[in-house]
Amino acid sequence: MSTPLSFVRAWSEHRGAVVEAGQEGVEILQPAELATALGLPEHARYAEQPTPGALWVGYGAPTLERFLQEATRHVPWAALTLEPHSAPREATARAAAERFVLRNAVHELEGSRLSTGARLVAYVRYSLSTDDRRDGLVEETVSVSQRVSVPGFWRAAGGSGALRPAVARPAGAALEQAARAALLRAEASARAQSRAFLEGSARRQERDLRRMEEYFHGLRAELDKRARRGKLAAEDIALKAGAIERERAGKLQELKERGQVRYEAALVAAVWLEAPVAELTLRARRRKAECSLTLEYDFVTLHLLAPVCAACGLDAPQPALCDERLHVLCVACVPRAEGRWSCPACREPRADRGE
Ligand SMILES: [Zn+2]
Ligand SMILES: [Zn+2]
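These remarks concern the structure in this document. Keep in mind it's a predicted model, so treat the numbers as computed, not measured.

This part takes up the overall build of the chain. A count of helices and strands for the chain gives 9 helices and 13 strands. Its C-alpha atoms give the chain a radius of gyration of 27 Å, more than 25% over the compact-globule value 20 Å for 355 residues. When its C-alpha atoms are laid out on the principal axes, the chain stretches across 90 × 65 × 35 Å. The 355 residues of the chain split such that 27% are buried. By sequence separation, contacts in the chain at least 24 residues apart represent 60% of the contacts at least 6 residues apart.

Our focus in this paragraph is the packing of helix α7 (residues 195-228) against helix α8 (residues 234-259). It is the contact of α7 with α8, at a shortest axis distance of 11 Å, that shows an interaxial angle of 180°. By the angle between their directions, the pair α7 and α8 is classed as roughly antiparallel. The segment α7 lies against α8, with Gln 205, Asp 208, Leu 209, Met 212, Phe 216, Leu 219, Arg 220, Leu 223 and Ala 227 engaging Ile 237, Lys 240, Ala 241, Ile 244, Arg 248, Lys 251, Leu 255 and Gly 259. For the contact of α7 with α8, the residue count by class is 10 nonpolar, 2 polar and 5 charged.

So, about the nonpolar core. In terms of nonpolar packing, the biggest core is built from 60 residues, with Leu 120, Ala 122, Val 124, Ala 182 and Leu 329 touching the most fellow members. For this core, the leading source of residues is strand β9 (residues 262-286), giving 10 residues. Setting aside anything within four residues of it in sequence, one finds Ala 122 in contact with Glu 139, Glu 140, Ala 179, Ala 182, Leu 267 and Ala 270.

Another aspect to go through is the environment of Trp 341. Mapped onto the secondary structure, Trp 341 falls in the loop between β13 (328-329) and α9 (344-347). On the basis of neighbour count, Trp 341 is assigned to the partly exposed category, with 15 C-beta atoms found within 10 Å. Taking C-alpha positions, Trp 341 is 52 Å from Leu 34, a pair spaced 307 residues apart along the chain.

This paragraph deals with the sheet that holds strand β2 (residues 25-29). Strands in a sheet are paired, the pairing made by backbone hydrogen bonds, and the direction either parallel or antiparallel. Read from one edge to the other, the open sheet built from 4 strands follows the order β1-β2-β3-β4, with strand pairing classed as mixed. The sheet is open, and its two borders are formed by β1 (18-22) and β4 (55-56), each paired with just one other strand. In this structure, β1 lies alongside β2, joined through 5 bridges in antiparallel fashion. Looking across to β2, one finds that Gly 22 is bridged to Gly 25.

Position of Leu 175 among the secondary structure elements: in helix α6 (residues 173-193). Placed 107 residues apart in sequence, Leu 175 and Leu 282 show a C-alpha to C-alpha distance of 26 Å.

A positive phi angle is found at Arg 287, which is not glycine, with a value near 50°. Checked against the element boundaries, Arg 287 lands in the loop between β9 and β10 (289-298). When the 10 C-beta atoms within 10 Å are taken as the criterion, Arg 287 is described as exposed. With a phi close to 50°, Gln 318 is a non-glycine residue in the positive phi region. With respect to the element layout, Gln 318 can be found in the loop between β11 (303-304) and β12 (320-321). A tally of 12 C-beta atoms within 10 Å means that Gln 318 is categorised as exposed.

Across 11 bridges, the pairing between strand β6 (residues 106-129) and strand β7 (residues 133-143) is antiparallel. Note on β7: the bridge partner recorded for Ser 129 is Arg 133. Connecting β6 to the next strand, β7, in antiparallel fashion are 3 residues.

Conventions adopted
- Along each chain, residue indices are assigned from 1 in the same order as the chain's sequence is written.
- Labels are handed out in written order, letters beginning with A for the chains and numbers beginning with 1 for the ligands.
- Reporting in this predicted model follows two pLDDT cut-offs: at least 70 for local features of residues, and 80 or more for side-chain atom pairs to be given and counted; totals over whole chains, interfaces and linings ignore these cut-offs and use all residues.
- Strands are runs of DSSP state E lasting at least two residues, helices are runs of H or I lasting at least four, and both sets are numbered from the N terminus onward.
- Using C-alpha atoms as the atom set, the radius of gyration is obtained and then compared with a globule rule of 2.2 Å times the number of residues to the power 0.38.
- Counts of 20 or more other C-beta atoms within 10 Å of a residue's own C-beta define buried residues, counts of 12 or fewer define exposed ones, and intermediate counts define partly exposed ones; C-beta atoms are placed from the backbone.
- Throughout, a pair of residues is in contact if the C-beta atoms placed from their backbones lie within 7 Å.
- Axis definition: a line fit to C-alpha positions, over the contact stretch in the case of helices; interaxial angles, taken between N-to-C directions, run 0 to 180 degrees.
- An angle below 35 degrees is treated as roughly parallel, one above 145 as roughly antiparallel, one from 65 to 115 as roughly perpendicular, and anything else as oblique.
- Classification convention: Asp, Glu, Lys, Arg as charged; Ala, Val, Leu, Ile, Met, Phe, Trp, Tyr, Cys, Pro as nonpolar; all other residues, Gly among them, as polar.
- Remark: nonpolar core denotes a set of buried Ala, Val, Leu, Ile, Met, Phe, Trp, Tyr and Cys residues whose joining runs through C-beta atoms within 7 Å.
- The pairing criterion for strands is at least two bridges between them, as found by DSSP.

Okay, here's the thing in structure tokens:
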């Protein structure tokens, strides 16, 4: 049974459904309340492949997506408020904002405001797969309003104030978006934690590539030898050389696909924590254009949070701004900010920015 189908089966059983596995998938009778929450019929057959009369739950299937959404709604989590030992100082936040660096623009601080900011401390189970697979667990904290990392937050939180249960429990879109931001950012930690695994896989990839090239080199050398001896007609030689080249290209593609690292992640537990922050408004100028940036200063880690890169969605400390629309862009997306360059965010509008 495929992973998605066995997940649907086990999870439904766990939630009180009646499950019967047959040859062509699994028949499930969901409790009425669960069926409503899922937006699925109470009684249905589920299949690994698109099949008439059954709901498809393979990878990428909308029905599977509904199950996953419902399952992740029940991630165990706590909501806390942090009461700081010392009062946050607005001047500290303002000084950090003034030191903030835009690589190709100037800025001035327009305003600041002390406030409370929500953090989502996410425990993320991940799997990295290449020709082999590695699973692990990492922690990633994000600012809920800014959707960027707050490095070192959870470690610093205990020492910087008293933690008390929060009165209001967060829910809805903000929580979901913050969780998504955490899952995206956890990939870097997952890769760092799996360095030896990834290096091993890269070494095997290189070795396979070398062996493959040796093999095709041998084939070509053999063909050359036969050609020199005059044993083959010119068109035969061209035909055979073409066939070798096509086979090599196919194998190369296959190797590349096998060597790609796939990252999958899910939230397993989370802490929602409200802590003191400062909201800072900056006016940035690039050539003749101007824009306003809102940044958050975190009083637990004493750290000005980076803005979000408009191209890759990751954090952009020391961002550059594009000429056309003043998109904020990270160093990985735009390594050199001087002169004219083509903006990756202008080239590929993203749905989640409403473009
Ligand atoms: Zn980027
Ligand atoms: Zn742009």
